[in-house]
Amino acid sequence: MGHNTVTRAQLSEAVYQEVGLSRNESAELVEVILNEISDALARGEMVKISSFGSFSVRQKGQRIGRNPKTGEEVPILPRRVLVFRASHVLKNRINQALSGAPAGEAA
Amino acid sequence: MPKSREGAVNAMTKSELILRLSQLNPHLYQRDIERLVSTIFDEIAEALARGDRVELRGFGAFSVKRRDARTGRNPRTGESVQVTRKYIPFFKTGKQLRERLNTQ
């Protein structure tokens, strides 16, 4: 899957087309939005976008990992990871488009 | 169970994001900011619905993974059930954001 890759350029173009701001300002605003979301997450906040999904930050404890190449044991330090949970609306939209049925339902 | 690991945290919702953007951009109409935000998430959703990948360097990448049909089991009754093929949206955090989450 994944025939094409959408990047900032396409998002800015869509904003330019849909909202009618200049191309420059559209590109800047896409950046501002990503920064605002990143800032909130860096503060440890959750970000909830209705009908899209939510991003949350989870604290992971220290554990022993292994270098898969050498088999050597290495401690993995406690860290914060980002978790994205897609909303049902998004999951259903994707499943309907790609397989013609809502998520997990029998066809 | 996942709830307790996240703990009680503040959440930024879409409307709070819109509010924040209007404070930062007093020259823009609130209506336009609302369209701006929905256009972005809509474009991402649309791309995923085509099976495309969305790559936002530094932030992260959205993609769709396929889970093939399988015979599952109802854990309560032990009864076997057919689970049809499904598609799961997936997000991988970008390097820059991952590092930001871990610098104090």
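The rules we used
Residues numbered from 1 in each chain as written. Chains lettered and ligands numbered in written order. Predicted model: local features only at pLDDT ≥ 70, side-chain atom pairs only at ≥ 80, totals over all residues. Heavy atoms only, no water. Pairing = 2+ DSSP bridges. Helix = DSSP H or I, 4+ residues; strand = E, 2+ residues; numbered from the N terminus. Buried < 20%, exposed > 50% of the residue type's maximum accessible area, 1.4 Å probe, protein only. Lys, Arg positive; Asp, Glu negative; His and termini not counted. Salt bridge = Lys/Arg side-chain N within 4 Å of Asp/Glu carboxyl O. Polar contact = N/O pair within 3.5 Å; in protein donor to acceptor, adjacent residues only side chain to side chain. Contact = heavy atoms within 4.5 Å. 1 Å grid on protein atoms, 1.4 Å probe; cavity = no way out; pocket = protein on both sides within 12 Å on 5 of 7 lines; lining within 4 Å. Points joined across faces, edges and corners; volume = space filled by probe spheres on them. Axes fitted to C-alpha atoms, helices over the stretch in contact; angles between N-to-C directions.

**What to know about the pairing of strand S5 (residues 73-76) of chain A**
All names here are of chain A.
Argument step 1. Pairing analysis gives four bridges linking strand S4 (residues 63-66) to S5, with the strands arranged antiparallel. The residue bridging Arg63 from the neighbouring strand is Ile76, located in S5.
Argument step 2. Taking the residues that link successive antiparallel strands as the turn, the S4-S5 hairpin has six residues, and the phi of Gly71 there is positive, at about 80 degrees.

**Re the side chain of Arg80 of chain A**
Argument step 1. Relative to the elements of secondary structure, Arg80 of chain A occurs in strand S6 (residues 79-86).
Argument step 2. The charged side chain of Arg80 of chain A is buried without a salt bridge, its nearest counter-charge being Glu45 of chain A at 10.0 Å.
Argument step 3. Only 2.9 Å separates the side chain of Arg80 of chain A from the backbone oxygen of Leu101 of chain B, close enough to count as a polar contact.
Argument step 4. Not counting residues up to four positions away in its chain, the partners in contact with Arg80 of chain A are Leu41, Ala42, Gly44, Val57, Arg58 and Gln59 of chain A together with Leu101 and Asn102 of chain B.

**Focus on empty space enclosed by the protein**
Argument step 1. Following the criterion strictly, the structure yields one cavity of 30 Å³ or more and no others.
Argument step 2. Of the pockets and cavities examined, the largest cavity occupies roughly 40 Å³.
Argument step 3. Every residue along the wall of the largest cavity is listed here: Ile33, Leu34 and Ile37 of chain A together with Ile40, Phe41, Ile44, Leu56, Phe59 and Phe62 of chain B.
Argument step 4. Secondary-structure elements contributing two or more residues to the lining of the largest cavity are helix H2 (23-42) of chain A together with helix H3 (30-49) of chain B.

**Things to note about the sheet that holds strand S2 (residues 46-49) of chain A**
Argument step 1. Spatially, the four strands line up as an open sheet ordered S6(A)-S3(A)-S2(A)-S1(B), and their pairing is mixed. Two strands close off the open sheet at either side, each with one partner strand: S6 of chain A together with strand S1 (11-13) of chain B. Taken over all neighbouring pairs, the strand axes of this sheet differ in orientation by 25 degrees on average, direction set aside.
Argument step 2. Judged from the eight bridges that link them, strand S3 (residues 53-60) of chain A and S6 of chain A form a sheet pairing that is antiparallel. What sits directly across from Phe55 of chain A, in S6 of chain A, is Phe84 of chain A.

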